[in-house]
Amino acid sequence: MIEPIFERAGFTFTKDSPSVYTLISDGSGKRIHVHFCKECGTKLALTFERWPDRIGVYVGTLDDPASISATKENSKYIFVSEARRGTILPPGVKIFDRHATANDGTLIEPAIYTSSFVVGAQTARRCRPGERLTGAELTLPS
């Protein structure tokens, strides 16, 4: 699922206000608000008790989902511990077993692998802190 995050202040629903279902996150214990279409039930967005100034939009609901470009620089894979065994993640991306931040807001160090990471397999080599990838090669920053 691709879920770009936006500043909530600059975001509005233009047609109608969606219905909202609230649940408690297993990871943080905080409320997550799932905004969905009251006509068809399609999930549209998430808002968070933990980050009240942010909104996550389900990219598949956009008129042009390709307008959001996911790159290694602007993306991360979260809740990988819950991914289906055999899921393949590309090299050089930030991977988190669960959240990317602790409940107190402290950033969690991501796993970054030099080759494709296959969920459930232990064959990928993890980068050392400070290492960066250039294509398939591993280099240290200058």
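Residues numbered from 1 in each chain as written. Predicted model: local features only at pLDDT ≥ 70, side-chain atom pairs only at ≥ 80, totals over all residues. Heavy atoms only, no water.

**Student:** Before we go on, may I ask you to explain unusual backbone geometry in this structure?
**Tutor:** Leaving glycine out, the prevailing phi sign among residues is negative, and the prevailing peptide bond configuration is trans. Even without being a glycine, phenylalanine 79 presents a positive backbone phi close to 60°. Tracing the backbone through its elements, the reader meets phenylalanine 79 in the loop between strand E6 (76–77) and strand E7 (88–89). (Helix = DSSP H or I, 4+ residues; strand = E, 2+ residues; numbered from the N terminus.)

**Student:** It is not clear to me how the pairing of strand E3 (residues 31–36) should be interpreted in this structure. Could you clarify?
**Tutor:** Along any regular strand the residues' side chains alternate between the sheet's two faces. Here 6 bridges tie strand E2 (residues 19–24) to E3, and the two strands are oriented antiparallel to one another. Paired with valine 20 across the strands is histidine 35, a residue of E3. Adjacent in sequence and paired antiparallel, E2 and E3 are bridged by 6 residues, among which glycine 29 carries a positive phi angle near 80°. Summarising the sheet, E3 and strand E4 (residues 43–48) pair through 5 bridges and their orientation is antiparallel. Counted as the bridge partner of phenylalanine 36 is lysine 43 from E4. The turn joining E3 and E4, which pair antiparallel and follow one another in sequence, is formed by 6 residues; a positive phi near 85° is taken by glycine 41. (Pairing = 2+ DSSP bridges.)

**Student:** Quick question: what am I supposed to make of the sheet that holds E2 here?
**Tutor:** Pairing between sheet strands relies on hydrogen bonds along the backbone, with the strands arranged either parallel or antiparallel. Overall, antiparallel pairing links the 5 strands, which are arranged E1-E5-E4-E3-E2 in an open sheet. Looking at strand neighbours, the two that pair on one side only are strand E1 (5–7) and E2, the edges of this open sheet. The sheet shows a mean angle of 30° between the axes of neighbouring strands, direction not considered. Here 3 bridges tie E4 to strand E5 (residues 54–57), and the two strands are oriented antiparallel to one another. Bridge pairing in E5 links alanine 45 to valine 57. (Axes fitted to C-alpha atoms, helices over the stretch in contact; angles between N-to-C directions.)

**Student:** Please clarify how the packing of aromatic side chains should be interpreted in this entry.
**Tutor:** For any pair of aromatic rings, the description rests on two quantities: the centre-to-centre distance and the angle between the ring planes. Counting across every chain of the model gives 3 aromatic pairs. Between phenylalanine 11 and phenylalanine 13, the aromatic rings sit 5.2 Å apart at their centres with planes inclined by 85°, giving edge-to-face as the arrangement. Overall, the relative accessible area of 25% leaves phenylalanine 11 in the partly exposed class. Judged by relative accessible area, which is 33%, phenylalanine 13 ranks as partly exposed. Their ring planes at 20° and their centres at 4.6 Å tell us that tyrosine 113 and phenylalanine 117 sit as a pair that is stacked. You'll find tyrosine 113 and phenylalanine 117 in the same group, each marked buried. (Phe/Tyr/Trp six-rings, centres within 6.5 Å; stacked < 30°, edge-to-face > 60°. Buried < 20%, exposed > 50% of the residue type's maximum accessible area, 1.4 Å probe, protein only.)

**Student:** Quick question: what am I supposed to make of the nonpolar core here?
**Tutor:** Ranked by size, the top nonpolar core spans 8 residues in total: Val80, Leu89, Val93, Ile95, Ala111, Tyr113, Phe117 and Val119. Setting aside residues up to four positions removed in sequence, valine 80 forms contacts with Leu89, Ile95, Phe96, Asp97, Phe117 and Val119. Ile32, Leu46, Phe48 and Tyr58 belong to the second-largest nonpolar core, a separate cluster that totals 5 residues. (Core = buried A, V, L, I, M, F, W, Y, C linked by side-chain atoms within 4.5 Å. Contact = heavy atoms within 4.5 Å.)

**Student:** How should the pattern of salt bridges be read in this particular structure?
**Tutor:** Side chains bearing opposite charge may pair, as long as their charged atoms lie close to each other. A full pass over the atoms with the stated rule returns 5 salt bridges. Among the ionic pairs, glutamate 7 bridges to arginine 54, the shortest N-O distance being 2.4 Å. Taken as a pair, glutamate 7 in strand E1 and arginine 54 in strand E5 lie far apart in primary sequence, 47 residues in all. Looking at glutamate 7, the relative accessible area reads 47%, which means it is partly exposed. Among the residues examined, arginine 54 registers a relative accessible area of 28% and is labelled partly exposed. For aspartate 53, the salt bridge goes to arginine 54, with nearest N and O atoms at 3.4 Å. Of the residues examined, aspartate 53 reaches a relative accessible area of 39% and is grouped as partly exposed. (Salt bridge = Lys/Arg side-chain N within 4 Å of Asp/Glu carboxyl O.)

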